[in-house]
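The primary structure of each chain is shown beneath.
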Amino acid sequence: MRGLHRSRRTIRGGRAGAMSLMLAACALPLAGCKLAQSTYNAHGPAAAHIATLAWFMTILFLVITAIMWILIGYAFYRRRGSLETHEPIDSSGGEGWIAIGGFAIPVVVLTIIFIWGLMLLGRYPIHGVGGGMPSAKAMMAMKPKIRIIGHQWWWEIQYLSDDPSQSFTTANELHIPVGQPVSIEVETADVMHSFWIPALHGKVDLVPSQPNYIRIVASQPGEYHGQCAEFCGDEHARMLLLAIAQPPAAYQAWKQAQLQPGHEPTTPEAIEGKQVFLGSPCAMCHTVRGTRALGHVAPDLTHIGSRKMIASDVYPNNNAYLMAWITHAQSLKPDCLMPNLTQFSGTQLQDLVAYLRQLQ
Ligand SMILES: [Cu+2]
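A short tour of the structure in this document, coming up.

Cut-off values and rules
- Residues numbered from 1 in each chain as written.
- Predicted model: local features only at pLDDT ≥ 70, side-chain atom pairs only at ≥ 80, totals over all residues.
- Helix = DSSP H or I, 4+ residues; strand = E, 2+ residues; numbered from the N terminus.
- Buried ≥ 20, exposed ≤ 12 C-beta atoms within 10 Å, placed from the backbone.
- Contact = placed C-beta atoms within 7 Å.
- Expected span 1.5 Å × (residues − 1).
- Pairing = 2+ DSSP bridges.
- Axes fitted to C-alpha atoms, helices over the stretch in contact; angles between N-to-C directions.
- Core = buried A, V, L, I, M, F, W, Y, C linked by C-beta atoms within 7 Å.
- Bend = angle between axes of the 7 residues up to and from the residue.
- Parallel < 35°, antiparallel > 145°, perpendicular 65-115°, else oblique.
- Nonpolar A, V, L, I, M, F, W, Y, C, P; charged D, E, K, R; others polar.
- Left-handed = near helix turned anticlockwise from the far one by under 90°.

As a further point, take the overall build of the protein chain. Check the secondary structure of the protein chain and you find nine helices and 12 strands. In the protein chain, buried positions account for 28% of the 360 residues. Sequence-distant contacts, at least 24 apart, represent 64% of the contacts inside the protein chain between residues at least 6 apart.

Given below as structure tokens:
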């Protein structure tokens, strides 16, 4: 008797658990609309096609799950009759369900999704190789062109031009003109990473010594967050990216500003701060164009003051976070390749930050 009780309770518990799982499954895509990084929230033609496929899959799978639970519920609650009225155990019937539900339906569903996915891949080539797709050379002949190099755990962004005076390097904040396709070559300086801005396109991997290509278009101005989508070490989860799509005029203005060398400080604090910067280890790792700081193992800081976020789109770019970052990078992004720099006096730190903030 006691055993029977326990098993009934388990079944009830199982049902409640199943219900909450179902609710959670329904809530997921809806919550997705609000999240900054969501495949369902498309702002470009390629992403829109991917979103259609994602919605199709989500709705189809929810329907199939609902049908499954209805059938399971039916199996629990249908009248079973007594032992005497029960059919002999070896009577046939029901095998058809195994063939249909266990084989035919999955084959049909998965085939549709597979072919749909393949068609999308062919329509929006992201790799420079393969039959029928534009060659790597052709992709990079398209303008404007950008090279993104993944580092543990930040993004180097090079804007390339045939005219070297029109090329520059920045980091962690990608600006693109709205409505204009942008060709991006992706590479890595260390391990594998993956470039993924869900609102604009699918993922493309950054593979050592194998450049890959992707072409993105933003259909509306806005800020779109990206995320490294290939586990690349301790700080992989904090390797974000901010993409800003701007009207062409604003984009050109941004580009002209980025082409300039680092702003020469004018306030006493910032002038002092520049000396602190150049006289400390900062200059060994970071570049500020127009100064002696020519380090190449860390984000280019020539226009750090113009960026919204620091540490690859993780913390806001303000005085407090910059001070915290300089003195405690290892607490804000543990194991990242910038050490804690605790040698500065309070005034030196304030001057240093004043210098960084005016590097607009
Ligand atoms: Cu990564």
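The end-to-end C-alpha separation of helix α2 (residues 45-77) is 48 Å, in line with the 48 Å expected for 33 residues at 1.5 Å each. For α2, the full list of buried residues reads A46, A47, I50 and A51. In this structure, the buried side of α2 is in contact with α3 (95-123).

Read across the open sheet, the five strands follow the order β3-β2-β1-β5-β8; overall the sheet is mixed. Either end of the sheet is taken by a strand with one partner, and the two such strands are β3 (168-171) and β8 (212-216). Each strand axis lies, on average, 25 degrees off the axis of its neighbour in the sheet, ignoring direction. Pairing analysis gives six bridges linking strand β1 (residues 145-151) to strand β5 (residues 182-188), with the strands arranged parallel. If you follow I146 over to β5, its bridge partner there is I184.

We now examine the sheet that holds strand β4 (residues 173-177). The strands that make up a sheet are held in pairs by hydrogen bonds between backbone atoms, and each pair lies either parallel or antiparallel. With mixed pairing, the three strands of this open sheet are ordered in space as β4-β10-β9. What marks the edges here is a single partner per strand, and that holds for β4 and β9 (222-227). On average, each strand axis in the sheet is inclined to that of its neighbour by 25 degrees, with strand direction left out of account. Inspection of the sheet shows β9 paired to strand β10 (residues 240-246) by six bridges, in the antiparallel sense. Bridge assignment links Q227 to a residue of β10, and that residue is L240. Of the strands in this sheet, β4 and β10 touch helix α5 (residues 248-259), which is tilted by about 135 degrees from β4.

The biggest cluster of nonpolar side chains holds 61 residues, and the ones touching the most others in it are L200, A243 and L356. The element contributing the most residues to this core is helix α9 (residues 346-357), with six residues. Other than its neighbours up to four places away in sequence, A243 contacts L174, I176, I197, L200, Y224 and G226.

Spanning 29 residues, α3 covers 41 Å between terminal C-alpha atoms, matching the ideal 42 Å at 1.5 Å per step. At A104, α3 shows its maximal bend, which comes to roughly 30 degrees, and the proline P106 appears one to four places after that position. The buried fraction of α3 is low, at zero of 29 residues.

Looking along the chain, the bond that leaves Q152 and enters W153 is cis, with omega of 0 degrees. Note on placement: W153 falls in the loop between β1 and β2 (154-160). A positive phi is found at A311, a non-glycine position, where the angle reads about 60 degrees. Tracing the backbone shows A311 in the loop between β11 (309-310) and β12 (315-316). Owing to 22 C-beta atoms within 10 Å, A311 belongs among the buried residues under this scheme.

To continue, consider the packing of helix α6 (residues 268-278) against α9. Two quantities define a packed helix pair, namely the angle between the axes and the distance from one axis to the other. One can describe the packing of α6 onto α9 by two numbers: an axis separation of 7 Å at closest approach and a directional angle of 100 degrees. Taken together, the axes of α6 and α9 are roughly perpendicular relative to one another. In this structure, α6 uses E269, A270, E272, G273, K274, V276 and F277 to contact α9, whose residues at the interface are Q348, Q350, D351, L352, A354 and Y355. Taken together, the residues of the contact of α6 with α9 break down into six nonpolar, three polar and four charged.

In this section: the environment of Q227. Structurally, the position occupied by Q227 is in strand β9. With 86 residues separating them in the primary sequence, Q227 and D313 have C-alpha atoms 9.4 Å apart.

A few words now on the environment of L352. Position of L352 among the secondary structure elements: in helix α9. Taking the C-beta count within 10 Å as the criterion, L352 has 25 such neighbours and is therefore assigned buried. Not counting chain neighbours up to four residues away, the residues in contact with L352 comprise G273, V276, F277, I326 and F344.

The next thing to look at is the packing of helix α8 (residues 319-332) against α9. Running from N to C, α8 and α9 point in directions that differ by 120 degrees, and their axes come no closer than 10 Å. In terms of orientation, α8 lies oblique with respect to α9. The way α8 lies across α9 gives a crossing that is right-handed. Packed against α8, whose contacting residues are N319, L322, M323 and I326, the element α9 presents L349, L352, V353, L356 and R357 at the interface. Looking at the contact of α8 with α9 residue by residue, the class counts come to seven nonpolar, one polar and one charged.

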